[in-house]
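So you can see what is in the structure, the chains are spelled out below.
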Amino acid sequence: MTTAPELAGWLHTYSGKVRDLYVPEPGGPAALAHGDVVLVVASDRISAYDHVLTTPVPGKGVVLTQLSLWWFGQLADLVPNHVVTAEVAPDGVPAEVAGRAMVCRRLTMFPVECVARGYLTGSGLVEYRATGEVTGIPLPAGLVDGSRLPEPIFTPATKAEVGEHDENVSIDVVAAQLGWAEAEELRTLTLAVYGRAEAVARERGVILADTKLEFGRAPQGPDAGTVVLGDEVLTPDSSRFWPADGWEPGRAQPSFDKQFVRDWLTSSASGWDRASDTAPPPLPAEVVERTRDRYLDAYRRLTGADLVLP
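Draft legend 1. Structural view of unusual backbone geometry. Backbone geometry places Asp50, a non-glycine residue, at a positive phi of 65°. For Asp50, the position within the fold is in the loop between β4 (47-48) and β5 (51-52). Positioned with a positive phi, Leu234 is a non-glycine residue whose angle comes to about 55°. Among the structural elements, Leu234 can be located in the loop between β16 (227-230) and β17 (239-243).

Listed below in structure tokens is the structure:
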């Protein structure tokens, strides 16, 4: 599924890189049963280098949704989440998007990506090589790609529009937007979630190098004002997962994500110039299949269960 389908009882309101959002029709079953909710549908779209590619990865949205639901369960005692139901029902998920959708509470989202890093790689590595710091946090000298940090760090980023880059910022910038109390609360929750997830993944032979979380406040109801974990959580789209038995600092690590897509796009085989204004070309079937297999492998290793895709 790549385009937002029409769904009885729901009105499509927004499409992001991967997800489509719907609100209940006024007076419809979902509105009457749950009040102010949204339907979050994970498509099979895949993005790379700030482009949404024309080639989908079949079943990817199911993996993202099911893995998020599993992680929400693992984290329920640390922080509440926005899921109301993922069951197919007249007031729940429509049958057409079964497995890839969740009915969720509408939250007032914080305008910041909450990133936790336990290992040095990606944009953090680029910043460290230039300054010896990541978002203003000094790190020891001599670290290399894939190094484990002395302790996990909170490295927030601004939220960017589709097609734009998120920008890493210091906690001072977050505090200037939200105030120190909220900035500290987000840092504490982010590092608590990372710590729990890193331990769970490590027990299963998987390294959680870093992850991006989104939080909001419940605007109404019995827990009004509470900070709630939203969006997706700890998926290969929002996190870097590495096989622990292949970890070797000083080089790029094998990963359970869309690295096959990135590698092919930047290879001579694709013929694509990343610096140009042109859109990336369609993906070869082999790249799609290997990427799908990596997402499924991540799900299998983390949850201990197989996921059967259509």
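So, next bit.
Draft legend 2. Structural detail: the environment of Ile171. Note on placement: Ile171 falls in helix α4 (residues 171-178). Along the primary structure Ile171 and Leu186 are separated by 15 residues, whereas in three dimensions their C-alpha atoms are 9.8 Å apart. Beyond its immediate sequence surroundings of up to four residues, Ile171 is in contact with Phe154, Pro156, Trp180, Ala183 and Arg187.

Draft legend 3. Representation of helix α7 (residues 285-303) within the structure. Taking 1.5 Å per residue as the helical rise, α7 with its 19 residues ought to reach 27 Å, and the 27 Å between its terminal C-alpha atoms agrees with that figure. What α7 keeps buried is the set Val287, Val288, Thr291, Arg294, Tyr295, Leu296, Asp297, Ala298, Tyr299, Leu302 and Thr303. Against α2 (60-75), α5 (180-203), β15 (206-217), β17 and α6 (259-265) lie the buried residues of α7. A positive backbone phi angle near 80° is found at Gly304, which sits one or two residues after α7.

Calculation criteria
Here the residue numbers are simple positions, counted from 1 along each chain's written sequence. It should be noted that, the model being predicted, local features are given only for residues of pLDDT at least 70 and side-chain atom pairs only at 80 or more, the latter also being counted only at that level, while totals for whole chains, interfaces and linings use all residues. Hydrogens and waters are ignored; side-chain quantities use all the structure's heavy atoms. Helix numbering and strand numbering both begin at the N terminus, where a helix is a DSSP run of H or I of at least 4 residues and a strand a DSSP run of E of at least 2. Note on contacts: a residue pair qualifies if any of its non-hydrogen atoms lie within 4.5 Å across the two residues. Between the first and last residue of a helix there are one fewer steps than residues, each counted as 1.5 Å, and that sum is the expected span. Burial classes follow relative accessibility: with a 1.4 Å probe on protein chains only, a residue under 20% of its type's maximum area counts as buried, one over 50% as exposed, and anything between as partly exposed.

Function-wise, these values are silent; they only describe arrangement.
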